[in-house]
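The chain contents come next:
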2 protein chains.
Amino acid sequence: MNDSQDCSASNAKRIKIGDNEVNEKITTGTVNRSTLSGIGLVSVLNDNSSRKVACLHGKVASDGNDGQLCDAVIILEKKPFDQNNLQQLLSKKTKLTVDLQNDIYSTFTAFPPPELSDIKATIICPATEKHIRKYTKQKSFIVQETASDYQNITLPYLEKQIAANVFNIQWVFNILEHKVESERIIYEDPDKENGFILLPDMKWDRVDKTALYVIAIPHKRGLRSLRDLSAEHIPLLENILTKGLAVIEEKFGLKSSELRVYFHYQPSYYHLHIHFNNVELDMPGTGALRAHLLADVIENLTLSGNYYRNKTFTFELRENDNLYLEFQRCGKV
Amino acid sequence: MNDSQDCSASNAKRIKIGDNEVNEKITTGTVNRSTLSGIGLVSVLNDNSSRKVACLHGKVASDGNDGQLCDAVIILEKKPFDQNNLQQLLSKKTKLTVDLQNDIYSTFTAFPPPELSDIKATIICPATEKHIRKYTKQKSFIVQETASDYQNITLPYLEKQIAANVFNIQWVFNILEHKVESERIIYEDPDKENGFILLPDMKWDRVDKTALYVIAIPHKRGLRSLRDLSAEHIPLLENILTKGLAVIEEKFGLKSSELRVYFHYQPSYYHLHIHFNNVELDMPGTGALRAHLLADVIENLTLSGNYYRNKTFTFELRENDNLYLEFQRCGKV
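Reading guide: rules and limits
Residues numbered from 1 in each chain as written. Chains lettered and ligands numbered in written order. Predicted model: local features only at pLDDT ≥ 70, side-chain atom pairs only at ≥ 80, totals over all residues. Heavy atoms only, no water. Axes fitted to C-alpha atoms, helices over the stretch in contact; angles between N-to-C directions. Helix = DSSP H or I, 4+ residues; strand = E, 2+ residues; numbered from the N terminus. Parallel < 35°, antiparallel > 145°, perpendicular 65-115°, else oblique. Left-handed = near helix turned anticlockwise from the far one by under 90°. Contact = heavy atoms within 4.5 Å. Nonpolar A, V, L, I, M, F, W, Y, C, P; charged D, E, K, R; others polar. Core = buried A, V, L, I, M, F, W, Y, C linked by side-chain atoms within 4.5 Å. Buried < 20%, exposed > 50% of the residue type's maximum accessible area, 1.4 Å probe, protein only. Pairing = 2+ DSSP bridges. pLDDT = per-residue confidence, 0-100. Buried area = accessible area lost by both parts, 1.4 Å probe. Salt bridge = Lys/Arg side-chain N within 4 Å of Asp/Glu carboxyl O. Polar contact = N/O pair within 3.5 Å; in protein donor to acceptor, adjacent residues only side chain to side chain.

Asks: What exactly am I supposed to notice about the packing of helix H5 (residues 234-252) of chain B against helix H6 (residues 294-303) of chain B here?
Replies: The relative placement of two packed helices is expressed as an angle between their axes plus a distance between the axes. Residue and element names in this part refer to chain B. One can describe the packing of H5 onto H6 by two numbers: an axis separation of 10 Å at closest approach and a directional angle of 155 degrees. Comparing their axes, H6 and H5 come out roughly antiparallel. The crossing of H5 and H6 is left-handed. Each of Ile234, Leu237, Glu238 and Leu241 in H5 lies in contact with H6, whose residues at this interface are Leu294, Val297, Ile298, Leu301 and Thr302. Tallied by class, residues from the contact of H5 with H6 come to seven nonpolar, one polar and one charged.

This is how it looks when you write it as structure tokens:
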């Protein structure tokens, strides 16, 4: 993943951008900081005004790196209202200006104090061109991938990317081997064949159960995606479904009737993983063009052991996704 | 609109709720205020965590009104990021706490200053019961409908509703017989077995192709939904797919790679119909819990003629949907 040379070397760096100058520590792309200063805004990559998410391209400079600028993607997302803090929000601390009033309806602009206005900031640094493309708004097209398209286009593409270290999943292995993030593990079944690790998705704060989002990652290696599954994996899938649901009910109080459990195809990384989230969450990636319910997957593999190896998948790709370009090059779109 | 007597009379009131005590002026339900204090939180009516909107039921008290409490609905919505203030947001004013860090990704909770954290607040006061219902969320649950659940619960329920004229589809027959809306027909294949009518969905203005949404309705009767399809219907489905896509490309310039083509299960009415819409449209009803791609349906029926008659469908129902109540009555949820 460290395919950008710009800011992967030094350990402690002095950030200088615009009128900000702060001492901050950067380790191999890790940004340790106490404020958001020191990031120069290059452009707005995407801005979802209904979901209150902005994706930015920024530059982080460091004098420990020959003054080179390091590309960063900054994803800002306003957090949902915290139900525990609502009465606090309805207080003198929240100043108002009046926008409009009539008999019954009044609208205001409210300015809550910082502690009640938290936003989630994700910084990807160093950001590769692929990261920047990923967060840039693009037109999407529907692609149909037959079994032979997978063999002739998608798989060679994936293998090339893996060989070139672009699709590096070492970070997944680090999680599975407890080298990183072991404190975040919600549950682990250590069985090498059917076991898995359950941990919160990056998008979830681990507190607000209405936004619950956890990921199950099997210990078994070599399963890149749904495409690789066959009847022999039914015990693995049933184990993840049964234990995943039981653990989430026990720890977070959500029942199976409150959870959406699914794969992505195409996934965002090629070590098999399964998404569990609150069905009340209206979120991207749950559409019929990308999400495949685990219950359906188990049923389909029971019906036909090679269901997903033979299937023609219909999915959406962005116009400058490299896989889309491959399909285009092969005259398939 | 003034159907609540509680706080429509006085002009200047002294708000007392919880630990807040402030002098504020209230005129006929109009809330003149410079802070959000003086509102007692009764309950959270709705909380959309992806769109960052919360709807609250509150009580506003006033000593000029015999101490009676006035019902209010408070709608809070975080504002989208303001593109003009982004560089200001990336400054020392925005404090951070670290949530998680690995090689490349760092996530933080950021606390911007109040002037960059504005939210839109709407207060409806006095609020009637109808206002409160309007802003109250209905919880959804996931239901699994096996083939026998369909026979024993869903089908008898549908037949009862049809007999009682609740699920009346005479309006569909009127369209198919050109008794109504014939001027809206985009295309018709009159064949009784494999033919269909293509017409714009009510949600589409027929002009803006970025919002294109058309419906195909087969002439064939007796097909209530996906559940009724078997291998013998493949020619009908292929005919709709091929001709539907060709007509949309010819008349509206959208290619098959720009269109999402799917069934709903459960559908909103029980005469088979197929949705065609622009894949760029982020709209409800396209999720994996409700949408079934026509291409997948054809492939599944080719694999197994009774695929949809045998399938266990997983879908979402609202808690006071009558079908949900039937599943509950039968001990299935």
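Asks: Before we go on, may I ask you to explain the nonpolar core in this structure?
Replies: Side chains of a nonpolar character, in soluble globular proteins, are inclined to be buried together. Ranked by internal contacts, the top residues of the largest apolar core, which has 136 residues, are Phe276(A) and Phe276(B). In this structure Phe276(B) touches Leu198(B), Leu212(B), Tyr213(B), Val214(B), Ala216(B), Ile240(B), Gly244(B), Leu245(B), Ile248(B), Arg260(B) and Val261(B), once residues within four positions along its chain are discounted.

Asks: Explain the sheet that holds strand E6 (residues 69-78) of chain A to me, please; I cannot follow it from the model alone.
Replies: Strand pairing in a sheet takes place through backbone hydrogen bonds and is either antiparallel or parallel in direction. Within the open sheet, the six strands sit side by side as E4(A)-E5(A)-E6(A)-E9(A)-E8(B)-E7(B). Their pairing is antiparallel. Because the sheet does not close on itself, it has two edges, and the strands there are strand E4 (39-48) of chain A together with strand E7 (95-101) of chain B. Between one strand axis and the next, the sheet turns through 25 degrees on average, direction left out of account. With six bridges joining them, E7(B) and strand E8 (residues 105-111) of chain B adopt antiparallel strand pairing. Bridge assignment links Thr97(B) to a residue of E8(B), and that residue is Thr109(B).

Asks: Help me understand the confidence of the model for chain A, please; the structure alone is not making it clear to me.
Replies: Detailed reading of the predicted coordinates is not advisable wherever pLDDT falls low. Looking at chain A as a whole, its pLDDT mean stands at 87, while 89% of the residues score no less than 70. Across residues 1-30 of chain A, where pLDDT falls below 50, the model places 88 contacts with residues more than four positions away in sequence or in other chains.

Asks: Quick question: what am I supposed to make of the interface of chain A and chain B here?
Replies: Taken residue by residue, the interface counts 106 residues in chain A and 103 residues in chain B. Taken together, the two surfaces of chain A and chain B that pack against each other cover about 9,600 Å², and 57% of this comes from carbon and sulfur. Sorting the residues of chain A by area buried against chain B places Phe81(A), Leu90(A) and Ile104(A) first, and these three jointly supply 9% of that buried surface. On inspection of chain A and its partner chain B, the count reaches 12 salt bridges. Residues Glu299(B) and Lys311(A) are paired through a salt bridge, measuring 3.5 Å at the closest nitrogen-oxygen approach. Our enumeration of links across chain A and chain B arrives at 47 residue pairs in polar contact (both at pLDDT 80 or more). The element contributing the most residues to the side of chain A that touches chain B is strand E8 (residues 105-111) of chain A, with seven residues. Of the residues belonging to the side of chain A that touches chain B, the class tally is 46 nonpolar, 36 polar and 24 charged. The sheet contact formed by strand E9 (residues 119-124) of chain A and E8(B) spans six bridges and is antiparallel.

Asks: I tried to follow the side chain of Ser50(B) on my own but got confused; where do I start?
Replies: Structurally, the position occupied by Ser50(B) is in the loop between strand E4 (39-48) and strand E5 (53-61). Of note is the side chain of Ser50(B), whose polar atom sits 2.9 Å from the backbone oxygen of Asp282(A). With residues up to four places along the chain from it excluded, the contact list for Ser50(B) reads Ser50(A), Arg51(A) and Asp282(A).

Asks: Would you mind showing me how to read unusual backbone geometry here?
Replies: Note on backbone geometry: most residues besides glycine have negative phi, and most peptide bonds are trans. Residues and elements named next belong to chain A. The omega angle of the peptide bond from Tyr265 to Gln266 is -5 degrees, so this bond is cis rather than trans. Look at His178: it is not a glycine, yet its phi comes out positive at around 60 degrees. The residue His178 is located in the loop between helix H4 (170-176) and strand E11 (187-189) in this model.

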